[in-house]
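# A look at the structure
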Amino acid sequence: MGMGGVGKTTLVKKVYNDADIQRNFPVRSWVYVSQVFNLKEVFLSILYDVTQVSRDASQWSVDTLAKELNRKLNDETYLIVLDDIWTKHAWDELKMAFPRNENGSRILITSRNKDVAIHANTSLGNPYQLQFLTDEESWELLKKKVFPKGTRCSRELENLGKQIARKCYGLPLAIVVIAGILKKMDKASSSWEKVEKKVTTIEPKQCMEVLELSYKHLPYHLKACFLHFGVFPEDFEIPVRKLIHMWVAEGFIQPTRNASLEK
């Protein structure tokens, strides 16, 4: 558990994709829940991951889907990731689909809410809370993102970089966003000084200001493309081809010589 941008999903992805985990949990599914979710869609997504169920299942009721999912998982060693659960009520609705078969199966959830984490974690002690990075860890992450391996960082830029990293309050998301800006800029102290002055000390609730700074540094023609992501629901998996077709239809992508709009 932890606030948005602290690295919950990144950490869980490393666990989920680990080779040993894949061997020990032959049945796995990852689903984004988020603040506003559709219970039926969540159950369907998991069911499609863990079985060869017919697409007709989309016509089933929530109760039928929950019972079928429970039945399919009962004899399996499974790992289910429920990413970004916001409320205790959401967990209470979701958990009915998962059998307690005591064969080593696991359900791994991420949440910003400590009460949710404690509520869902009834038998294993305290939930794991991600901590903010130290100043040194913040600088190491920033340096890794800005300077490719083997690239030299001058002492002057290092001092400025440490000041910028320190203002990110140990929040990985803020550091990565700022690093994306610095990476595209000239490696000159005057450029980094401008960024350092714009980045006030980032309290946990001020991440949007960092994201706004990143947005302002986008080329003009890309800003419209970026804003178009807003037509999709939160945590929705966006089909790339569909997105490109939408950009073309809106006129956001201009033709270039010897290349189609889609390319």
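Overview of the structure. (Residues numbered from 1 in each chain as written. Predicted model: local features only at pLDDT ≥ 70, side-chain atom pairs only at ≥ 80, totals over all residues. Heavy atoms only, no water.)

## Regarding the sheet that holds strand β3 (residues 106–109)
By way of backbone hydrogen bonds, the strands of a sheet pair with one another, either parallel or antiparallel. Just so we agree on the cut-off: A pair of strands counts as paired when DSSP detects no fewer than two bridges linking them. Counting from the N terminus, the helices are the DSSP runs of H or I reaching at least four residues and the strands are the DSSP runs of E reaching at least two. Fitted lines through C-alpha atoms give the axes, limited to the stretch in contact for helices. The angle between two N-to-C directions lies from 0 to 180 degrees. What makes two residues a contact is simply this: any of their non-hydrogen atoms within 4.5 Å.
Sheet architecture is open: three strands sit in the order β1-β2-β3, paired in parallel fashion. The open sheet is flanked by β1 (27–32) and β3, the only strands paired with a single partner. With direction set aside, neighbouring strand axes in the sheet form an average angle of 10 degrees. As paired strands, β1 and strand β2 (residues 78–83) are joined by six bridges and run parallel to one another. Directly across from Val27, in β2, lies its bridge partner Tyr78. Helix α1 (residues 8–16) rests against β1, β2 and β3 of the sheet, and its axis sits at about 165 degrees to β1. With respect to the sheet, helix α3 (residues 39–50) is in contact with β1 and β2, its orientation differing from that of β1 by roughly 150 degrees.

## So, the packing of helix α7 (residues 135–146) against helix α9 (residues 172–184)
Our working definition: For any pair of crossing helices, the crossing counts as left-handed if the nearer helix is rotated counterclockwise from the farther one by less than a right angle, and right-handed if it is rotated clockwise. When residues are grouped by polarity, Ala, Val, Leu, Ile, Met, Phe, Trp, Tyr, Cys and Pro land in nonpolar, Asp, Glu, Lys and Arg in charged, and all others, Gly among them, in polar.
Relative orientation of the contacting elements α7 and α9 amounts to 35 degrees, with a least axis distance of 9 Å. Relative to α9, α7 is oriented so that their crossing is right-handed. Two secondary-structure elements touch here, α7 through Ser138, Leu141, Leu142, Lys145 and Val146 and α9 through Pro172, Ile175, Val176, Ile178, Ala179, Leu182 and Lys183. Grouping the amino acids of the contact of α7 with α9 by side-chain chemistry returns nine nonpolar, one polar and two charged.

## A few points about the side chain of Ser105
As a reminder of what qualifies: Any N or O atom pair separated by 3.5 Å or less is treated as a polar contact, with the protein-specific requirement of one donor-capable and one acceptor-capable atom, and with residues adjacent in sequence counted only for side-chain atom pairs.
Within the fold, Ser105 resides in the loop between α5 (88–94) and β3. Polar contacts involving the side chain of Ser105 include one to the main-chain amide nitrogen of Tyr78, which spans 2.9 Å. Only 2.8 Å separates the side chain of Ser105 from the side chain of Asn103, close enough to count as a polar contact.

## Some points on the nonpolar core
Let me state the cut-off plainly: Nonpolar cores are built from buried Ala, Val, Leu, Ile, Met, Phe, Trp, Tyr and Cys residues. Side-chain atoms within 4.5 Å join them into one set. A 1.4 Å probe rolled over the protein chains alone gives each residue an accessible area, and that area as a share of the maximum for its type sets the label: buried under 20%, exposed over 50%, partly exposed in between.
Counting 26 residues, the largest nonpolar core has Phe43, Ile46, Leu69, Leu82, Ile85, Leu94 and Phe98 as the members making the most contacts within it. When residues in this core are grouped by element, the largest group, seven residues, is from α3. Those residues in contact with Leu94 that lie beyond four places of it in its chain are Val33, Phe37, Leu39, Val42, Phe43, Leu82 and Ile85. Within the second largest apolar cluster, 24 residues are counted, among which are Leu141, Leu157, Leu171 and Met185.

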